[in-house]
Amino acid sequence: MTRRAGSADLPLHTGRVPAWLGQRMARLGAVITQAIIHHYGRDEFLRRLAHPFWFLSFGAVMGMDWHSSGMTTSVIGALKRGLAPLQDELGLYVCGGRGRHSRRTPDELLDVGQVTGLDATPLVATSRMVAKVDSAAVQDGFDLYLHGFVVAADGRWCVVQQGMHTGRRMARRYHWLSEGLEDFVEAPHAAIDGRATQSAIMNLTDRRADASRRGQVGLLHDMGPDRVTRELMRIEGRPPPPMPAQGELPHLSMPGHHDVQPQDVNMRRLHGALAAAAEAGPRDFAGLLRVPGVGARTVRALALVAEVVHGAPCRFSDPARFSLAHGGKDRHPYPVPVAVYDRTLSVMKAAVTAAKLGREERLDAIRRLDTAARRLERDATGPTFSAIMAEEYNRSHEYGGRSVFGYEPPPPRRVSEEGQGDRVMRHDGQPQDQQGHDGDASRHSG
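Note that the coordinates shown come from a computational prediction; the quantities given were computed from them, not determined experimentally.

Draft legend 1. The overall build of the chain, seen in detail. Scanning the chain from terminus to terminus reveals 16 helices and 13 strands. Relative to its 446 residues, the chain shows a buried fraction of 52%. Within the chain, contacts between residues separated by at least 24 positions form 71% of all contacts whose residues are at least 6 apart in sequence. Accessible area of the chain: about 20300 Å², with a carbon and sulfur share of 52%.

This is how it looks when you write it as structure tokens:
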């Protein structure tokens, strides 16, 4: 049955994704998508897109702000760009987007029909109906401005759309998933979710609203549009009666603070990922994957990417944790470590490419990182959240740390107990460890 699969409330934020990050988001989003489809199939990828907690974790691990309204636009846009060269191979097509791009969804779906042989007319009707349901049949104060339609070559689809409530300065994201279309008007949702602080939600798709729907059709037929309009004007100002409480869906309501705080992260799971990365050992892991330059910091990022690929829905209740893989464009939780990001891309791309040729050992190595994290998190301990943040900021310049404010400068030079600087500088002015190995600290330009 077609159903609403969940929703999320996000603070409205302004700003744009810089090109150097947007290009990397497109590449990482595409390679993670390929890994998920390789292991679990297209249907599972669509299910994950329809889960609000996973969707936000997916965007966070790609380096986008971990909880802002721009996450939706950025992730849909990154997938659309990243999957475009692979869409025929994967049988997965991303249509629509924000603003004027959303209005092109019907034409793009018709183009998909030409390529795949699908009858695109029902898909176009579905796109319009889903948008109508969340904007007219369900009235919760959020005006839709983004509509992303992801469709597979066999006709299965997922819709992610977002509305804006300017008065509350919040955005709400709605996720839909197809599992055999039955009825858009009669209870298409698993639930309608609204916060207790907002006004009543009017839901005309509820089964209990059948009499209301039939009555509206009858009024229109008997009275005509002009008389209906006059009657509505006469009673204007009366609030609708509150709807009874309905069943719950996954709903994610993000806090107003932009920085990542300790309460936003499940430290037990984070320590499990750190322990798995340490257990794998950078040298052994790099040898297994045959990708040069992979150091401990990259393996830590890969452990979080591995969970996005393999994790169960229950493990994404703290999406802020995944922002610790590659930081964020606004320096929250810390600047994007561009060198680490590029190493992650290299490892994932090499693993997916090898798997296409029947060599599974590289993707299996990444899956073992996720397995080890789950096993170790029961007993793992590690540094405090503050200590992890301090290390990332202190070493950000080594990792090519970059944000919308530019590259990160080195911190004030520290002096060891022996009176010697604990870092030396390379000939090009960049830091180097005492052994002369760069590892993850290779600086990459955007």
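Draft legend 2. View of helix H7 (residues 105–116). Here H7 is 12 residues long and its end C-alpha atoms lie 16 Å apart, about the 16 Å a rise of 1.5 Å per residue gives. All of the buried residues in H7 are Thr105, Pro106, Glu108, Leu109, Val112 and Gly113. Each buried residue of H7 sits inside an arc of 160 degrees when the element is viewed along its axis, so together they form one side. In H7, those exposed residues whose orientation departs by more than 90 degrees from the buried face are Gln114 and Val115. At the C-terminal side of H7, Gly117 shows a positive phi close to 85 degrees.

Draft legend 3. Spatial organisation of the environment of Asp43. The topology assignment puts Asp43 in helix H2 (residues 42–49). A residue is classified by how much of its surface remains accessible, and Asp43, at 27% relative accessible area, is partly exposed. Spatially, the C-alpha atoms of Asp43 and Ala152 are 8.3 Å apart, while their sequence positions differ by 109 residues.

Draft legend 4. Main features of the packing of helix H10 (residues 267–280) against helix H15 (residues 361–376). With their axes 8 Å apart at the nearest point, H10 and H15 run at an angle of 120 degrees to one another. On the basis of the axis angle, H10 is oblique to H15. Judged by the sense of rotation from one axis to the other, the crossing of H10 with H15 is right-handed. Between H10 and H15, the residues in contact are Gly272, Ala273, Ala275, Ala276, Ala277, Glu279 and Ala280 and Leu369, Ala372, Ala373, Arg375 and Leu376, respectively. Of the residues in the contact of H10 with H15, the class split is 9 nonpolar, 1 polar and 2 charged.

Draft legend 5. Geometry of the nonpolar core. With 87 residues, the main nonpolar core has Ile32, Val61 and Leu92 as its most contacted residues. If near-sequence neighbours (up to four positions away) are discounted, Ile32 is found in contact with Phe58, Val61, Val305, Val308 and Val309. Counting 16 residues, the second largest nonpolar core, distinct from the first, contains Cys95, Val112, Val159 and Tyr174.

Draft legend 6. Quick peek at unusual backbone geometry. A cis amide bond links His332 to the next residue, Pro333, at an omega of 5 degrees. Among the structural elements, Pro333 can be located in the loop between helix H13 (323–326) and strand S9 (336–337). Positive phi outside glycine occurs at Arg169, with the angle close to 50 degrees. You can see Arg169 is positioned in the loop between strand S5 (157–165) and strand S6 (170–177). Judged by relative accessible area, Arg169 falls into the partly exposed class, the value being 48%.

Procedures and definitions
Residues numbered from 1 in each chain as written. Predicted model: local features only at pLDDT ≥ 70, side-chain atom pairs only at ≥ 80, totals over all residues. Heavy atoms only, no water. Helix = DSSP H or I, 4+ residues; strand = E, 2+ residues; numbered from the N terminus. Buried < 20%, exposed > 50% of the residue type's maximum accessible area, 1.4 Å probe, protein only. Contact = heavy atoms within 4.5 Å. Areas by Shrake-Rupley, 256 points an atom, 1.4 Å probe, with all protein chains shown as cover. Expected span 1.5 Å × (residues − 1). Arc of directions from axis to C-beta. Axes fitted to C-alpha atoms, helices over the stretch in contact; angles between N-to-C directions. Parallel < 35°, antiparallel > 145°, perpendicular 65-115°, else oblique. Left-handed = near helix turned anticlockwise from the far one by under 90°. Nonpolar A, V, L, I, M, F, W, Y, C, P; charged D, E, K, R; others polar. Core = buried A, V, L, I, M, F, W, Y, C linked by side-chain atoms within 4.5 Å.

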